[in-house]
Amino acid sequence: MAPSPQDRRKQRRKQVNLRVDFTLGSAQGKAMTVDVSETGLFLNTPLEAADGAEIRMRIFQVPPLPEVAAGGVVRRVVRPGQGTRLTEDGPAEILVLLR
């Protein structure tokens, strides 16, 4: 029996709801995070994306933490959302949330 996706995760995830504005190809959308880790996040969004699609995000953290700009690649699509791997070295601003 294959391991569940949760069993394959290498990084600790933290459940947190943050607003995210994103661009996926020519489409723009809004989402909420379900959880975040040092290497990725899961976005709750009705906008469907293809596995491997590149995404640009603006992540709005709880004040006084700054807004974070990040790039990612869609790695898993599960309605109504998508697992996204960060393509930049886990922005330091997100790592603050994981402490």
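Higher on the page you've got the structure.
A few points on the structure. (Residues numbered from 1 in each chain as written. Predicted model: local features only at pLDDT ≥ 70, side-chain atom pairs only at ≥ 80, totals over all residues. Heavy atoms only, no water.)

Remarks on unusual backbone geometry
For residues besides glycine, phi is generally negative; the peptide bonds are generally trans as well.
1) Next: For the peptide bond that leads from Pro63 to Pro64, omega is 15°, which places it in the cis range.
2) Next: Within the fold, Pro64 resides in the loop between β5 (54-60) and β6 (68-78).
3) Next: Between Arg79 and Pro80 the backbone carries a cis peptide bond, its omega angle lying at 5°.
4) Next: Its place among the elements puts Pro80 in the loop between β6 and β7 (81-86). (Helix = DSSP H or I, 4+ residues; strand = E, 2+ residues; numbered from the N terminus.)

Details of the pairing of strand β2 (residues 19-24)
1) Next: Direction of pairing for β2 relative to strand β3 (residues 27-36): antiparallel, over a ladder of six bridges. Counterpart to Arg19 in the pairing with β3 is Met32.
2) Next: Count of turn residues in the β2/β3 antiparallel hairpin: two residues, of which Gly25 carries a positive phi of about 65°.
3) Next: Both β2 and β5 contribute to a ladder of five bridges, which runs antiparallel. (Pairing = 2+ DSSP bridges.)

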